[in-house]
Amino acid sequence: MASITSGGDTEHLGIPKAVFVEDVDSFMQQPENDSADTVIRRLDDLNSKYRFMEMNLLQKKKRLQGKLPDIQICLDMIEQLRKYKEKDATMDTNFLLAHNLYGKATIPPTDKVCLWLGANVMLEYTLDESEELLTGNQKTARATLKKVDEDLDFLRDQITTTEVNMARLHNWSVKQRQQNKKQ
């Protein structure tokens, strides 16, 4: 298996880099390559692993893309609460209770907010602390999203290389069988 990949790439989540098979004849003469079918099977297994990794990264990307608008909405709300506090005025708003179900609320001027942290945990923060926390979360989510996009690009390159190798090996195998029939 060492001949179809080169070690894990530490820059891309340890995803092994697919090696492009330049010379199929010399590649097939290596001792670990018994027949074209076994090598194609190994490449197909590697391709399946790449596809599985791609699916997981796409799910992670979708989750991150869903979190970013929520974080921005929270930051916008903190800014609104600051404005109303400076005016010393109450704020009338509608808030989401359930899907498509909203409730009305009047919020007195405040310098504190409660944030859901997950796992049924809510903590009270000052407006400055909550803005700092959410801004940090937003930066982290954006950086992670960028890294996931880079990993997806790298992974797609590996998938393409693996598929091209499979096609080249298949064509080589067909050509070998045709030559054997002629002899």
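Scroll up to find the structure.
Just so you know, these numbers come straight off a predicted model, no measurement behind them.

Caption draft 1: The overall build of the chain, seen in detail. On a plain count of helices and strands, the chain comes out with three helices and six strands. The helix and strand sequence of the chain, counted from the amino end, reads β-β-α-α-β-β-β-β-α. Taking 183 residues into account, the globule formula puts the C-alpha radius of gyration at 16 Å, and the chain, at 27 Å, lies well above it. Dimensions of the chain along its principal axes, counting C-alpha atoms only, are 95 × 35 × 25 Å. Of all 183 residues assigned to the chain, the portion counted as buried reaches 30%. Here the contacts in the chain between residues at least 6 apart in sequence split such that 59% fall between residues at least 24 apart. Counting every atom, the chain has about 12400 Å² of accessible surface; 52% of that belongs to carbon and sulfur. Computed over 26 positive and 29 negative side-chain charges, the separation of the two mean positions in the chain equals 5 Å.

Caption draft 2: Structural context of the pairing of strand E5 (residues 112-118). In this structure, E5 lies alongside strand E6 (residues 121-126), joined through six bridges in antiparallel fashion. Paired with Trp116 across the strands is Met122, a residue of E6. In sequence, E5 turns back onto E6 through a hairpin of two residues, with Ala119 there showing a positive phi of about 50°.

Caption draft 3: Up close: the packing of aromatic side chains. The full count for this structure, using the stated rule, is zero aromatic pairs. Its guanidinium or amino end placed over the ring of Tyr84, Lys87 lies 5.5 Å from that ring's centre, counting from NZ or CZ.

Caption draft 4: How the structure looks around the nonpolar core. In this structure, Val24, Phe27, Met28, Val39, Leu43, Tyr50 and Leu169 are the most contacted members of the largest nonpolar core, which totals 26 residues. Sorting the residues of this core by element identifies strand E2 (15-18), helix H1 (24-28), helix H2 (36-87) and helix H3 (127-182) as the ones contributing at least two each. In terms of residue count, the dominant contributor to this core is H3 (ten residues). Counting ten residues, the second-largest nonpolar core is a separate cluster that includes Ile71, Ile78, Leu81 and Leu127.

Caption draft 5: Structural detail: the side chain of Ser130. Here Ser130 lies in helix H3. Ser130 sits in the buried class, given a relative accessible area of 0%. Among the polar contacts listed, one links the side chain of Ser130 to the backbone oxygen of Leu127, at a separation of 2.9 Å. With residues near it in sequence (within four places) discarded, Ser130 still touches Ile78, Val113, Leu115 and Tyr125.

Rules and cut-offs
Residues numbered from 1 in each chain as written. Predicted model: local features only at pLDDT ≥ 70, side-chain atom pairs only at ≥ 80, totals over all residues. Heavy atoms only, no water. Helix = DSSP H or I, 4+ residues; strand = E, 2+ residues; numbered from the N terminus. Rg over C-alpha atoms; globule rule 2.2 N^0.38 Å. Buried < 20%, exposed > 50% of the residue type's maximum accessible area, 1.4 Å probe, protein only. Contact = heavy atoms within 4.5 Å. Areas by Shrake-Rupley, 256 points an atom, 1.4 Å probe, with all protein chains shown as cover. Lys, Arg positive; Asp, Glu negative; His and termini not counted. Charge placed at Lys NZ, Arg CZ, Asp CG, Glu CD. Pairing = 2+ DSSP bridges. Phe/Tyr/Trp six-rings, centres within 6.5 Å; stacked < 30°, edge-to-face > 60°. Lys NZ or Arg CZ within 6 Å of the ring centre and 35° of its normal. Core = buried A, V, L, I, M, F, W, Y, C linked by side-chain atoms within 4.5 Å. Polar contact = N/O pair within 3.5 Å; in protein donor to acceptor, adjacent residues only side chain to side chain.

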